[in-house]
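Now for the letters of each chain:
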Amino acid sequence: MSLTCVKMSEDVWLTCMTHALSTETEEIMGLLLGDIEYSKDGCVTALIWGASPQTRSDRRKDRVETNPEQLAAASAQAERMTTFTGRITRVIGWYHSHPHITVLPSHVDVRTQAMYQLLDSGFIGLIFSCFSEDVHKVGRIQVIAFQSSDWKQNHASRPISLSLVNKSSIIDVESSLSSSEDASTRSGSSVIESSEQDCGDSITARANKGGGRSTDLGVFFPNSDANYIGRERMGGNYRADSSDKIIVDIDPMDMSESMQEAMHRSNLDMSGAEYARKEIPLHVLPTSSLIKLDSPLMSFTDLQHVLYEEERAAYNQAILQNIRDGKVHPLTFIHHTSTYQASMCKLMEYCLSPAINTLQDRLKENEIRVHNRTKIDAFYRH
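Attention in this report is confined to the structure presented alongside it. Computed from a predicted structure; not experimentally measured. (Residues numbered from 1 in each chain as written. Predicted model: local features only at pLDDT ≥ 70, side-chain atom pairs only at ≥ 80, totals over all residues. Heavy atoms only, no water.)

Moving on, we get to a nonpolar patch on the surface. On the surface, a cluster of nonpolar side chains totalling about 320 Å² of accessible area is made up of L331, F333 and I334. Tracing the backbone shows L331 in helix α9 (residues 330-381). Classification of L331 as exposed rests on a relative accessible area of 60%. (Patch = residues over 30% accessible without salt bridge, like charges linked within 9 Å, V, L, I, M, F, W, Y side chains within 5 Å. Areas by Shrake-Rupley, 256 points an atom, 1.4 Å probe, with all protein chains shown as cover. Salt bridge = Lys/Arg side-chain N within 4 Å of Asp/Glu carboxyl O. Helix = DSSP H or I, 4+ residues; strand = E, 2+ residues; numbered from the N terminus. Buried < 20%, exposed > 50% of the residue type's maximum accessible area, 1.4 Å probe, protein only.)

This part takes up the side chain of S52. Structurally, the position occupied by S52 is in strand β3 (residues 44-53). By relative accessible area, S52 is classed as buried at 6%. A polar side-chain atom of S52 sits 3.5 Å from a polar atom in the side chain of Q77. Excluding residues that lie within four positions of it along the chain, S52 makes contacts with G30, L31, A74 and Q77. (Polar contact = N/O pair within 3.5 Å; in protein donor to acceptor, adjacent residues only side chain to side chain. Contact = heavy atoms within 4.5 Å.)

So, about the packing of aromatic side chains. Applying the stated criterion across every chain yields a total of 6 aromatic pairs. Both rings, one in Y95 and one in F128, keep their centres 6.2 Å apart while their planes meet at 80°; by these two values the pair is edge-to-face. Placement of Y95 in strand β6 (residues 90-99) and of F128 in strand β7 (residues 124-133) is noted, with a sequence separation of 33 residues between them. Plain terms: the ring middles of Y116 and F123 are 4.4 Å apart, the flat faces sit at 10° to each other, and that makes the pair stacked. Per residue, the accessibility class of Y116 equals that of F123, and both read buried. Of the aromatic side chains, those joined through ring pairs into one cluster are W13, Y95 and F128. (Phe/Tyr/Trp six-rings, centres within 6.5 Å; stacked < 30°, edge-to-face > 60°.)

Between its first and last C-alpha atoms helix α2 (residues 68-85) spans 26 Å; for 18 residues at 1.5 Å apiece the expected length is 26 Å, and the two agree. Where α2 is buried, its residues contact β2 (29-38), β3, β6 and α8 (298-321). Just past α2, the residue G86 takes up positive phi, approximately 75°. (Expected span 1.5 Å × (residues − 1).)

Turning next to α8. Taking 1.5 Å per residue, 24 residues should reach 34 Å; α8 reaches 35 Å between its end C-alpha atoms and fits that length. If you follow the buried residues of α8, they end up packed against α1 (10-20), β3, β4 (58-60), β17 (323-324), β18 (327-328) and α9.

Don't take any of this as a statement about function, it's just geometry.
Shown next, in the form of structure tokens:
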């Protein structure tokens, strides 16, 4: 079974986008809650009306890790939503960010997605690319929904050929979003053409000074092949160790066709191209059109708690690691405390302030709805 469409509520969109923008030095991830809808015409649609932002167990710039306990917590959250709404809710997808690199999934992302689909064929993956620039040095945010398929099975009888990335298959979002309504308005009209690409063509992750990135989600799958998850991405943004060398930013969407051909074939040899990515149309809709929720912004408020707990846990760990004979050196304590306070100030600027603006916008919208409803009722009474 392959998905034909993904419909996401505007509140989940706001949660994922805010989470992705919370840090530009590390990747984030979370799980998506909803259900799969089967139509009589054969269409299979993933409906997403909830999100479970994950606390990262390993905070490094080239990987994102979580643990099985959080997956169980997300499943419990889905069960609670089922009870409250009377509609079956389960974990049907995951999302993560690509700060400063392309929105396209790497072969590691595609393999991880394939492992998820072994458990649920309707599982969907979303990638939020942020803090990137186009060829004109203009900031951009891009989002893509994808699944994995068996590349060898689908392409065994065909010669290897280059499939250029279709720019219309990626949602471009303006970086100055002030509310969930803006996000849904700008993205709701975007239509993603479904296309299938081999993962060799999509490898554009980064090669950092310390090595490539590995999305280590193998803890979710006890029987999975660790080699699939642990391999490093190659290519992507490359910063020379020497400060007198220029920075080369490799983006498949900005390269010439011949350059993409060379990169494509090189990546095929490197990764084995065991899986292909299939891009799925993504639509952002008003939450009320998908499900009735008493607290539609619950995922968004949960995100604020997750971000706070991450910073608090990192601070406590740093203090514990520097205890000597039951004491912490005053300078060490001042250093870690000031770093923690700086992080909290950033969260207030990047997350809490937009959250307050969003709630104020939502309050005004509700007041307008109540006012209009009152006028309509008064009209019918007379």
